[in-house]
Amino acid sequence: MKHIKRTATAVAVAASALLVSACSSGTSEHLTQNAADGKPIVNKENWPQKIPTSGLTKGLSLPLEAYMASYEDQVTVEQAANDLQQSCMKDYGIDVTLPRAGANPPPSDNDANIERRYGITDRAAAEKYGYELPPALQEHTKQPMRDLSDVEVEVLTGHTKPEQPKSPKEVKAGALISAPSQGTKPARAEYNGKKLKTGGCIGWSKDQLGVKDADPTFVAQLAGDSLVQSMKDDKVIKAIAAWSSCMGGKGHAGLADPYKAMDQGVTNDGKPSQESIALAVDDIDCKQQTDLVKIWFDVESAIQDKQIADNKTQLTDVKDQRGKEITAARKETAANAQ
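Model, not experiment: these values are computed from the prediction.

Trainee: Quick question: what am I supposed to make of the environment of Leu 222 here?
Mentor: Positionally, Leu 222 belongs in helix H8 (residues 218-230). Distance from Leu 222 to Ile 303, taken between C-alpha atoms, is 9.9 Å for residues 81 residues apart in sequence. With residues near it in sequence (within four places) discarded, Leu 222 still touches Leu 64, Gln 307, Asn 311 and Leu 315.

Structure (structure tokens):
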């Protein structure tokens, strides 16, 4: 059970990281070519599907997913914000190109990670990659961006550059992992004869899109809780036990749950071995034989339905706010396209 709690915590942490990145890095409708290797910087073919179209989770979507930001929507808001920030910077006489959004997609469309929520579920993928992600999702597209000067940082962020550690000792003391706001001061009042915007061009872009800095992990935390609760249900306990027995019969003894199989099957170098592929295929076959995924999904869906009823007001506010941001972002993108 401790392992499952760690898994649920990871769901919430991943959600936070994903949403933060969606408001800070930088896709347009066209594919931008990477000058270094000729590959497209943004390739929508690598984007995750909103609902799985293959494997044991084909067509499945948990109730809370209706309140989660899809990857496409995150990219839409992020790119619109980036475009606004670049335009804002230009008003101060500063030309800067921010990274395009959508260049490095995650393996799942949203924070539920339904494809691997109950362990791996796609046999065709397992036959090729074992427990690893496809090569396209293991690559990281780099988008070179020039270093910004002190004043450019101030115009962009509304504060000075964070102070750099002065010695290795400070690095060991945790200087590099401190909050971004530490070691900064408010930006100068104006630049090139123009008053700086509150929060810099980043703050201004959020205002234009109506983006609010709400708790980004609320829905993901509910989803983490539902996963933990589902593991205590008798039907899920019996199904996991049946799966474990099936795996033992195939020569994989001692696997208490599908997460243990994932831990055992993941390789250090990201390249699947024949052993890990064999384990992965047996894992999925046993899930199919015991109907584990459907049983688990149905139990968790019922738990999430109750969560939604108990938190309806807050969840509705989250959904409505996100809808406003996406609508504003789409309008901004359409205006730029004209």
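Trainee: Teacher, can you tell me more about the state of the cysteines here?
Mentor: Evaluation of the coordinates by the stated rule reveals two disulfides. One disulfide bridge connects Cys 88 with Cys 201, the sulfur atoms lying 2.0 Å from each other. Between Cys 88 and Cys 201 the disulfide shows an S-S torsion of about -70°. By sign, it is left-handed. In this pair, Cys 88 sits in helix H2 (residues 71-91) while Cys 201 sits in helix H7 (residues 200-209), placing the two residues 113 residues apart along the sequence. Taken individually, Cys 88 and Cys 201 each receive the classification buried, so the pair is uniform in this respect. Across the disulfide from Cys 246 sits Cys 286; the S-S distance is 2.1 Å. Handedness here is read from the sign of the S-S torsion; for Cys 246 and Cys 286, about -80°, the answer is left-handed. Separated by 40 residues along the polypeptide, Cys 246 in helix H9 (residues 234-249) and Cys 286 in helix H11 (residues 274-290) bring together distant segments of the chain.

Trainee: Looking at this structure, how should I read the nonpolar core?
Mentor: Inside soluble globular proteins, nonpolar side chains tend to come together where they are buried. Membership of the largest hydrophobic core comes to 41 residues, with the highest contact counts inside it found for Leu 64, Tyr 118, Trp 296 and Leu 315. Those elements giving two or more residues to this core turn out to be H8, H9, helix H10 (258-265), H11 and helix H12 (292-310). Looking at this core, the element that brings in the most residues is H12, giving seven residues. When near neighbours in sequence (up to four residues on either side) are disregarded, Leu 64 contacts Val 219, Leu 222, Ala 223, Gln 304, Gln 307, Ile 308 and Leu 315. Formed by twelve residues, the second largest nonpolar core is a distinct cluster that contains Leu 98, Leu 156, Leu 196 and Cys 201.

Trainee: Could you clarify how one ought to interpret unusual backbone geometry in this entry?
Mentor: Working note: non-glycine residues mostly have negative phi, and peptide bonds are mostly trans. The residue Asn 113 is not glycine, and still its phi comes out positive at about 50°. Within the fold, Asn 113 resides in the loop between H2 and helix H3 (123-129). For Asn 192, which is not glycine, the phi dihedral falls at a positive 55°. Locating Asn 192 in the fold gives a position in the loop between strand E1 (190-191) and strand E2 (194-195). Looking at Asn 192, the relative accessible area reads 54%, which means it is exposed.

Trainee: I'm lost on H7 in this one. Help?
Mentor: An α-helix turns once per 3.6 residues; consequently, residues spaced three or four apart project the same way. Within H7, burial applies to Gly 200, Cys 201, Gly 203, Ser 205 and Leu 209. Those residues of H7 hidden inside the fold are in contact with H2, helix H5 (150-157) and helix H13 (312-337). Positive phi appears at Gly 210, one or two residues downstream of H7, with a value of about 70°.

Trainee: Any chance you could explain the packing of aromatic side chains here in plain terms?
Mentor: Think of a pair of aromatic rings as described by two things: how far the centres are apart, and how the planes are tilted against each other in angle. The full count for this structure, using the stated rule, is three aromatic pairs. Geometrically, the ring pair formed by Trp 47 and Tyr 71 is edge-to-face, given 5.3 Å between the ring centres and 85° between the ring planes. Taken as a pair, Trp 47 in the loop between helix H1 (2-21) and H2 and Tyr 71 in helix H2 lie far apart in primary sequence, 24 residues in all. Exposure remark for Trp 47: the relative accessible area of 14% places this residue in the buried category. Ring centres of Tyr 118 and Trp 296 lie 4.8 Å apart, and the angle between their planes is 35°; on these two criteria the pair is classed as tilted. Separated by 178 residues along the polypeptide, Tyr 118 in the loop between H2 and H3 and Trp 296 in helix H12 bring together distant segments of the chain.

Thresholds applied
- Residues numbered from 1 in each chain as written.
- Predicted model: local features only at pLDDT ≥ 70, side-chain atom pairs only at ≥ 80, totals over all residues.
- Heavy atoms only, no water.
- Helix = DSSP H or I, 4+ residues; strand = E, 2+ residues; numbered from the N terminus.
- Contact = heavy atoms within 4.5 Å.
- Disulfide = S-S within 2.5 Å.
- Buried < 20%, exposed > 50% of the residue type's maximum accessible area, 1.4 Å probe, protein only.
- Core = buried A, V, L, I, M, F, W, Y, C linked by side-chain atoms within 4.5 Å.
- Phe/Tyr/Trp six-rings, centres within 6.5 Å; stacked < 30°, edge-to-face > 60°.

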